[in-house]
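Here is how the chains run, residue by residue.
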Amino acid sequence: MSVGAGRGTGPQRRDARRNRELLVEAAHEVFTEQGLQAPLDVIARRAGIGNATLYRHFPTRAALIDAVFRDQLGETVAAGELARTAPDTWTGLHTYLRAVFHTLAADRGTNDLMTTHVQGVEALDDVHAHNRETLELLLARGREEGAIRSDVTTQDVLFALAALGRAVPALTAATAPDTWRRPLALFLDSLRPAPESLPGSALTADQLADVLRELGPHRAPSR
């Protein structure tokens, strides 16, 4: 009996693992294209798996999001750790925020995750807490060095980064993959007592119109 049970459960476990992998792969593709509110039945169809199997593996949307993005969020935490050991504040801030914005530009799912509040995603709660701690440390160090204006707070920075980061997918879709570097540099310079010159070129009127068309209005995902 035990031998038969062993033979029967092995393939079942392999099938379950494969189904989970297919669901995670499909979810990443769909979230990248449509954002985190993409219908779950679209993900199931993309994976070639029934809705019941999806919910058996991931009873909530948050559980699926966590499985898809946990590794990517871990990379953001690692970037924060590296920034904390930078020799000066500006090196730390530039290194960290470039890494964060590169992630925000990668896909709409990651952008949704990082710039809005999604309840129940444990890995996201951890990265938000680590992000706040990293910024608090760098800003405090910068104020001590005289490199950061004295009246800026962590909340000021977090709000501005969320608002700017939210626009990154529209900006890159309408222009070029690294266009976010200029507005990020402008934001960073606003933290300085004395600003530096900006990198890259300003948007043309036509490019700005393209970005605004790409940015909104928000639409429900197509099914």
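Each chain carries its own residue numbering, running from 1 in the written order of its sequence. Only residues with pLDDT of 70 or above have their local features reported here, since the model is predicted, and side-chain atom pairs are shown and tallied only from 80 upward, although totals for entire chains, interfaces and linings are computed over all residues. Remark: hydrogens and water are excluded; side-chain values derive from all non-hydrogen atoms of the structure.

Caption draft 1: Seen up close, the overall build of the chain. Looking only at helices and strands, the chain has eleven helices and zero strands in total. Counted from the first residue to the last, the chain has its helices and strands arranged as α-α-α-α-α-α-α-α-α-α-α. In this scheme, a residue with accessible area under 20% of its type's maximum is buried, one over 50% is exposed, and one in between is partly exposed, where area comes from a 1.4 Å probe on protein chains only. Here the chain holds 223 residues, and the buried ones make up 39% of them. For the chain, restricting intrachain contacts to residue pairs at least 6 apart in sequence, the fraction spanning at least 24 positions comes to 68%. Computed with the Shrake-Rupley method and a 1.4 Å probe, the accessible areas treat only the protein chains shown as cover for residues. In the structure as shown, the chain presents an accessible area of about 12,300 Å², 54% of it carried by carbon and sulfur atoms. On the chain, the mean spot of the 25 positive side-chain charges and the mean spot of the 28 negative ones are 7 Å from each other. Numbering of helices and strands starts at the N terminus; helices are DSSP runs of H or I of at least 4 residues and strands are runs of E of at least 2. Residue contacts are defined here by distance: any two heavy atoms, one from each residue, within 4.5 Å place the two residues in contact. In this charge count, Lys and Arg are treated as positive and Asp and Glu as negative; neither His nor the chain ends contribute. All charge positions are set by atom: Lys at NZ, Arg at CZ, Asp at CG, Glu at CD.

Caption draft 2: View of the layout of surface pockets. Space inside the second largest pocket adds up to approximately 320 Å³. The wall of the second largest pocket is formed by 16 residues, among which Met-114, His-128, Asn-131, Leu-158 and Ala-162 lie closest to the centre. Elements supplying a minimum of two residues to the lining of the second largest pocket: helix H5 (89–106), helix H6 (108–115), helix H7 (122–145) and helix H8 (154–166). Of all the elements, H5 adds the most residues to the lining of the second largest pocket, at five residues. Three categories are distinguished: nonpolar for Ala, Val, Leu, Ile, Met, Phe, Trp, Tyr, Cys and Pro, charged for Asp, Glu, Lys and Arg, and polar for the others, with Gly belonging to the last. Here the lining of the second largest pocket is built from residues that sort into nine nonpolar, six polar and one charged. The definitions used throughout rest on a 1 Å grid laid over the protein atoms alone, on which a cavity is an enclosed set of points accommodating a 1.4 Å probe that cannot get out and a pocket is an open set flanked by protein within 12 Å on both sides along at least five of seven lines; lining residues are those having an atom within 4 Å of a point. Grid points are joined across faces, edges and corners, and a volume is the space filled by probe spheres set on the points.

Caption draft 3: Main features of helix H4 (residues 61–84). A helix is expected to span 1.5 Å multiplied by its residue count minus one. Spanning 24 residues, H4 covers 33 Å between terminal C-alpha atoms, matching the ideal 34 Å at 1.5 Å per step. Fitting axes to the seven residues ending at a residue and to the seven starting there, one defines the bend at that residue as the angle between these axes. Helix geometry: H4 is bent most strongly at Phe-69, by close to 55 degrees. Here H4 has its buried residues at Ala-62, Leu-64, Ile-65, Asp-66, Val-68, Phe-69, Gln-72, Leu-73, Thr-76, Ala-79, Gly-80 and Ala-83.

Caption draft 4: Structural view of the nonpolar core. Judged by nonpolar contacts, the single largest core of 56 residues is most densely connected at Phe-31 and Ile-43. By residue number, the principal contributor to this core is H4, which donates eight residues. Those residues within four positions of Phe-31 in sequence are excluded, and the remaining contacts are Leu-36, Ala-38, Ile-43, Arg-61, Leu-64, Ile-65, Val-68, Phe-69, Arg-108 and Gly-109. Residues grouped as a nonpolar core are buried Ala, Val, Leu, Ile, Met, Phe, Trp, Tyr and Cys residues, joined through side-chain atoms within 4.5 Å.

Caption draft 5: Spatial organisation of the packing of H4 against H7. Orientation is described by axes fitted as lines to C-alpha atoms, over the contacting stretch for helices, and by angles from 0 to 180 degrees between their N-to-C directions. Running from amino to carboxyl end, H4 crosses H7 at an angle of 15 degrees, the nearest separation of the two axes being 9 Å. Compared by their axis directions, H4 and H7 come out roughly parallel. Seen along the crossing, H4 lies across H7 with a hand that is left-handed. Of the residues in H7, those touching H4 at Asp-66, Arg-70, Leu-73, Thr-76, Val-77, Gly-80, Glu-81, Ala-83 and Arg-84 are Glu-122, Ala-123, Leu-124, Val-127, His-130, Glu-133, Thr-134, Leu-137, Leu-138 and Arg-141. When describing relative orientation, an angle under 35 degrees is termed roughly parallel and one over 145 degrees roughly antiparallel, while 65 to 115 degrees is termed roughly perpendicular and anything else oblique. Helix crossings fall into two classes, left-handed where the near helix is turned counterclockwise from the far one by less than a right angle and right-handed where it is turned clockwise.

Caption draft 6: How the structure looks around the pattern of salt bridges. Any Lys or Arg side-chain nitrogen located within 4 Å of an Asp or Glu carboxyl oxygen qualifies as a salt bridge. The tally for this structure, following the rule as stated, stands at twelve salt bridges. The residue Asp-66 makes a salt bridge to Arg-70 at a minimum N-O spacing of 2.9 Å. With Asp-66 and Arg-70 both in helix H4, this residue pair falls four residues apart, about one helical turn. By relative accessible area, Arg-70 is classed as partly exposed at 36%. Several salt bridges converge on common partners, so that one network encompasses Glu-29, Glu-33 and Arg-46.

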